[in-house]
Amino acid sequence: MPEYLVRFAQAHESFRKVELQALADIAGVTLQIITYEEDSPYCIVDLPSDTAARKVIARSILAQGIYELWGQGSTYTALHDSVHTISASKWSQYETASFRFTVEGYRGGNSTDEQRDIIDSFAYMAFKGPPRMRDPDVAFRVFEDYDLDVKEPKYLYFGRLIAESCRNEAKRRFDLKKRLYISTTSMDAELTLLTANIAHVAPGKLFYDPFMGTGGFPIACAHFGAVVFGSDIDGRTIRGTGGSARRGQTGKYDVVGNFKQYDLESSYLGAFVSDLTNTPLRILPPDKDSTKGYLDGIVCDPPYGIREGLKVLGSRQELLETERQSHQDQYKIPGYIPPKKPYSFTALLDDILAFAVATLVEDGRISLWMPTANDEDIELIIPSHPCLELSSVCVQAFNKWSRRLLTYRRRRASEVPEGTLEAVKKEYEKGTRASDLNDFRRKYFQGFRELESMKKEFVRMKMEPKTNGDVASEADVKT
Amino acid sequence: MKLLTLNFLTCAIKTCKTNPASFPLHPRDAELEIVEADMNLPFLRNILPRLMWEELRGICGELGLPELPATPPTPADLVEASNAVHGSAEADEEEPSQTAKDLHRILLETCIQEGKLVCGACEHEYAVKEGVANFLLPGHLV
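Cut-offs and rules
- Residues numbered from 1 in each chain as written.
- Chains lettered and ligands numbered in written order.
- Predicted model: local features only at pLDDT ≥ 70, side-chain atom pairs only at ≥ 80, totals over all residues.
- Heavy atoms only, no water.
- 1 Å grid on protein atoms, 1.4 Å probe; cavity = no way out; pocket = protein on both sides within 12 Å on 5 of 7 lines; lining within 4 Å.
- Points joined across faces, edges and corners; volume = space filled by probe spheres on them.
- Helix = DSSP H or I, 4+ residues; strand = E, 2+ residues; numbered from the N terminus.
- Nonpolar A, V, L, I, M, F, W, Y, C, P; charged D, E, K, R; others polar.
- Core = buried A, V, L, I, M, F, W, Y, C linked by side-chain atoms within 4.5 Å.
- Buried < 20%, exposed > 50% of the residue type's maximum accessible area, 1.4 Å probe, protein only.
- Contact = heavy atoms within 4.5 Å.
- Arc of directions from axis to C-beta.
- Pairing = 2+ DSSP bridges.
- Salt bridge = Lys/Arg side-chain N within 4 Å of Asp/Glu carboxyl O.

1. Some details on empty space enclosed by the protein
For the structure on display, the rule yields two cavities of 30 Å³ or more. Within this model, the largest cavity holds a volume of roughly 40 Å³. Contributing to the lining of the largest cavity are Tyr67(A), Arg100(A), Thr102(A), Ala139(A), Phe140(A), Arg141(A), Leu161(A) and Glu164(A). Going through the elements one at a time, β5 (99-106), β6 (138-145) and β7 (155-164) of chain A are the ones with two or more residues in the lining of the largest cavity. The dominant element in the lining of the largest cavity, judged by the number of residues it contributes, is β6(A), at three residues. Here the second largest cavity is characterised by a volume of approximately 30 Å³. Of all elements in the fold, only α3 (53-63) and α4 (98-109) of chain B reach the threshold of two or more residues within the lining of the second largest cavity. Looking at the lining of the second largest cavity residue by residue, the class counts come to seven nonpolar, no polar and no charged.

2. Here we look at the nonpolar core
Core analysis: the biggest nonpolar cluster contains 140 residues, and Val56(A) and Leu117(B) have the highest contact counts within it. Counting residues per element, this core draws most heavily on helix α11 (residues 345-359) of chain A, at nine residues. Beyond its immediate sequence surroundings of up to four residues, Leu117(B) is in contact with Met1(B), Leu6(B), Leu25(B), His26(B), Pro27(B), Ile112(B), His124(B), Glu125(B), Tyr126(B), Val128(B), Ala133(B) and Phe135(B). Judged by nonpolar contacts, the second largest core, of 18 residues, contains Val83(A), Trp91(A), Val103(A) and Val142(A).

3. Thoughts on the environment of Asn197(A)
For Asn197(A), the position within the fold is in helix α6 (residues 189-198). Along the chain, Asn197(A) and Glu144(A) lie 53 residues apart, while their C-alpha atoms are 29 Å from each other.

4. Here we look at helix α2 (residues 50-58) of chain A
Spacing of three or four residues puts side chains on the same side of an α-helix, whose turn is 3.6 residues. All names here are of chain A. Among the residues of α2, those classed as buried are Ala52, Ala53, Val56 and Ile57. Buried positions in α2, seen along its axis, are confined to an arc of 120° and lie on one side of it. Away from the buried face of α2 by more than 90 degrees, exposed residues Thr51 and Lys55 are located. Along its buried surface, α2 packs onto β1 (3-8), α1 (13-27), β4 (63-73) and β7.

5. A short note on the pairing of strand β16 (residues 401-410) of chain A
Residue and element names in this part refer to chain A. Across the ten residues that make up β16, a large majority, ten, are buried. On β16, burial covers both faces: Trp401, Arg403, Leu405, Thr407 and Arg409 on one face and Ser402, Arg404, Leu406, Tyr408 and Arg410 on the other are all buried. If you look at the hairpin formed by strand β15 (residues 388-397) and β16, you'll find three residues sitting between the two strands.

6. Re the pattern of salt bridges
Residues and elements named next belong to chain B. Per the counting criterion, the structure on display carries 25 salt bridges over all chains. Here lysine 116 and aspartate 29 are joined by a salt bridge, their closest N and O atoms 3.3 Å apart. With a gap of 87 residues between them, lysine 116 in strand β2 (residues 110-118) and aspartate 29 in strand β1 (residues 26-34) connect regions that are remote in the sequence. Since its relative accessible area comes to 28%, lysine 116 is described here as partly exposed.

Written out as structure tokens, the structure is:
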């Protein structure tokens, strides 16, 4: 299979391979990664054809573009040799085409004059067509990969442009700064689009977000062609009666308005107010046949219990008979607010997975975000369910904590051995106060003290090798 | 909320969910609105086997909408039988049939704006306001 060079953005590194693979799966294309490094924006892959390459990259958020690989090498001499071997047979095809020829450097670069010299050194390809910077028939690019603060590039690639991705356009279009209606915890547009790609959103599919807020995830899913609906425990965010997160913004803004802004209203089924632990959606009894699912995917960012409170329906204490009676008498009065109680985050995660199992079609995906304190960055915390296969884990690191995007695939009935469905009853944190119920919340407000001490230790260890000139142990620290 | 949503909604009360009468929810005093939407054939085709046909027919009857056919359409019924047998390029330009248009009209263009959704088993009423249904349960029912 021909080799292609994927030019990634150097951002959200742990998501890049996962997104690329998801896009290949959606396009039904066999993709094989030949070389990939977290530290480099250049990745070489095997793909069956230009058409396949275009299909995979067109809706990528983390790739900028894809190029047919015409050569590579650690020096320009090696690069030119490689270009001769790999691509000499292709030169004549582009002999008279209008073309663009550019040079880019990662962590380094050249002056305009030096760039011209580099371009001229490819003169042996003998293109006679007119150079054209805008809309040429064919575009070529030299890629220089530098180490930090090093004058000479460590590696070079040369490629013919196959397709650019929708990254820049989509990021601009869905930018939260320009969205009419957002809330304080709206997820960054780039990450919602990325989540939609990783969750295998595709035209004709049905997607649901149980914690929709102002609709960031459903909008991203609708952008890639899915029909979407959502729900939230707070009806004010959906109807837009809770005020705006923007200072000085007044007037009626709601989720429908956002869909209208992006001209995606046709793909929006609507929303309702509900709590996941008492969902009104059809739930499949666990022993029934799993082909009865109806959602192609679920994407969500559940409340972590810090900036957004984690509450479900219910009362902190068992209601007295008189209190029950008073609820019963008054619940139909306009303005009645049902009681809510704090809930355990780990219990909520398991509830989400159980809900996914009961509603997803076979091979349907659920992508959910969850926080993980850095000092607990262990695989064990990731929730699991016998009917779900964990397909990827991506990490977004912040200064003192990090969060993960977990993606699971609903297993087919044939993949789930009989008897595994005896639900594992877990003991959750007991208590009625939010901090009792949520390990992460407690850590967050304690300021991640353990992490701080770990950091100090880290700095101390880094200082030591320099004093005794022990290079080997310094390398250990890096890993 | 578009009418298709009712294909997925039951009563939110846990003890009620096991009762077959909790699905579908019955619209009452419903104010309907037609909101034009783009035809989406791939979606109709995908969702067709997941429709609870009998129940949807019932809801249409209760709302006084045009009656749905007695048996659910097949995927082939959704596209206009093309008379050009040769030419596979036609596949991209499929023409939706009248069946598809009717289904689209009912499921994806008819919206409930105000009213109630009532559980057939426990009679609990869920209010719909500004097109958003409220399924939060009062204190004594959780």
